[in-house]
Amino acid sequence: MNYTFRVQTEDEIQNYRGGSKICDIYDFFQYARELQSKIPLALGQLKTRFGEPRFISKNYEEMYEYNLCAESETGEITYLCAYCGPTGPAIGGSPSDPNSQKAAQALVNYIIEAAPIDYEMEAYYLDGPSKLTLGVKNGQPHYSEEEIDFDDPELKKLFNF
């Protein structure tokens, strides 16, 4: 089934937000060896397709979110979200709903077919703790991680230590 995708309106966001994880944008088992490059790539591709996210943060485990709609050929609307959470870039919605599963897979295909836009950002990952520098330059994703101390001022500010 074919779908068209768009960002949710403010009214739609009030009625539907979030959901549970349906699938990864880049499947771990398929992309395990190159997953670090897929993390920044996914955001660059989402920016190409949908512009800036509804929110973006320096917390890697809550880095961004897009509230999206998938409209089928028959006019059925499915509400989804694209986000970067603890396990990386993913699609959320209603995982028990077969229509949401189909729309989520179509959205994944739509995202990964896009040429990424260039950007760069920093994020922090508390498990390290580490500071991440990630982005896309000239279509090529980059990702680096440096270990930091828990007394790092940015980390303290972000996580309210």
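Keep in mind the model is a prediction, meaning the values are calculated, not measured.

**Notes on the sheet that holds strand β9 (residues 140-147)**
Phase 1: Spatial ordering of the open sheet is given by β7-β8-β9, a layout of 3 strands whose pairing is antiparallel. With partners counted over all chains shown, the strands left at the sheet margins are β7 (119-125) and β9, one partner each. Pairwise comparison of adjacent strand axes, ignoring direction, gives a mean angle of 15° for this sheet.
Phase 2: As paired elements, strand β8 (residues 130-137) and β9 share 8 bridges and run antiparallel to each other. For threonine 133, the partnering residue across the bridge sits in β9 and is serine 144.

**Notes on the environment of tyrosine 125**
Phase 1: Examined against the element boundaries, tyrosine 125 turns out to sit in strand β7.
Phase 2: Along the sequence, tyrosine 125 and asparagine 59 sit 66 residues apart, while their C-alpha atoms lie 6.5 Å from each other.
Phase 3: When residues no more than four places from it in sequence are discounted, the contact partners of tyrosine 125 are Tyr60, Glu61, Ser130 and Leu132.

**Here's the deal with the pattern of salt bridges**
When charged atoms on two side chains of opposite charge get close, those side chains can pair.
Phase 1: Throughout the structure, instances matching the rule amount to 7 salt bridges.
Phase 2: A salt bridge links aspartate 24 to lysine 21; the shortest N-O distance between them is 2.7 Å.
Phase 3: With a relative accessible area of 35%, lysine 21 lands in the partly exposed category.
Phase 4: For glutamate 154, the salt bridge goes to lysine 157, with nearest N and O atoms at 4.0 Å. Taken together, the positions of glutamate 154 and lysine 157, both in helix α5 (residues 153-159) and 3 residues apart, correspond to about one turn of that helix.
Phase 5: For glutamate 154, a relative accessible area of 27% puts it in the partly exposed group.

**Section: the confidence of the model for the protein**
Phase 1: Predicted confidence across the protein gives a mean pLDDT of 91, with 98% of residues reaching 70 or more.
Phase 2: The least confident element of the protein is helix α2 (residues 28-31), whose mean pLDDT is 75; the most confident is strand β1 (residues 3-7), at 97.

**Brief notes about the nonpolar core**
Phase 1: Core analysis: the largest hydrophobic core is formed by 34 residues, its most contacted members being Leu46, Met63, Tyr64, Tyr66, Ile91, Leu107 and Leu134.
Phase 2: For this core, the secondary-structure elements that each account for two or more residues are β1, α3 (35-50), β4 (64-72), β5 (77-85), α4 (98-112), β7 and β8.
Phase 3: Apart from residues no more than four positions distant in its own chain, leucine 46 is found in contact with Ile25, Gly51, Tyr64, Tyr66, Ala82 and Ile111.

**A few points about α4**
Phase 1: Between its terminal C-alpha atoms α4 stretches 21 Å, which fits the 21 Å expected from 15 residues at 1.5 Å a residue.
Phase 2: Those residues of α4 lying buried are Ser100, Ala103, Ala104, Ala106, Leu107, Val108 and Ile111.
Phase 3: In the core, the buried residues of α4 are packed alongside β1, β2 (20-24), α3, β4, β5 and β6 (88-93).

Conventions used here
- Residue indices begin from 1 for each chain and proceed along its sequence in written order.
- pLDDT decides what is reported in this predicted model: residues at 70 or higher carry local features, side-chain atom pairs at 80 or more are listed and counted, and totals for whole chains, interfaces and linings draw on all residues regardless.
- Working from all heavy atoms in the structure, the side-chain values ignore hydrogens and water.
- Strand pairing requires that DSSP identify at least two bridges connecting the strands.
- Helix and strand definitions here come from DSSP, where helices need a minimum of 4 consecutive H or I residues and strands a minimum of 2 consecutive E residues; each element is numbered from the N-terminal end.
- The axes used here are C-alpha line fits, helices contributing only the stretch in contact, and every angle between their N-to-C directions lies in the interval 0 to 180 degrees.
- Note on contacts: a residue pair is in contact if any heavy atoms of the two residues lie within 4.5 Å.
- We count a salt bridge whenever a side-chain nitrogen from Lys or Arg sits within 4 Å of a carboxyl oxygen from Asp or Glu.
- Exposure is judged per residue with a 1.4 Å probe applied to protein chains only, and the accessible area is read against the type maximum: over 50% gives exposed, under 20% gives buried, and values in between give partly exposed.
- A residue's pLDDT is the predictor's confidence in that residue, given on a scale from 0 to 100.
- Throughout, nonpolar core names a set of buried Ala, Val, Leu, Ile, Met, Phe, Trp, Tyr and Cys residues whose side chains join them through atoms within 4.5 Å.
- Multiplying 1.5 Å by the residue count of a helix minus one yields the expected span of that helix.

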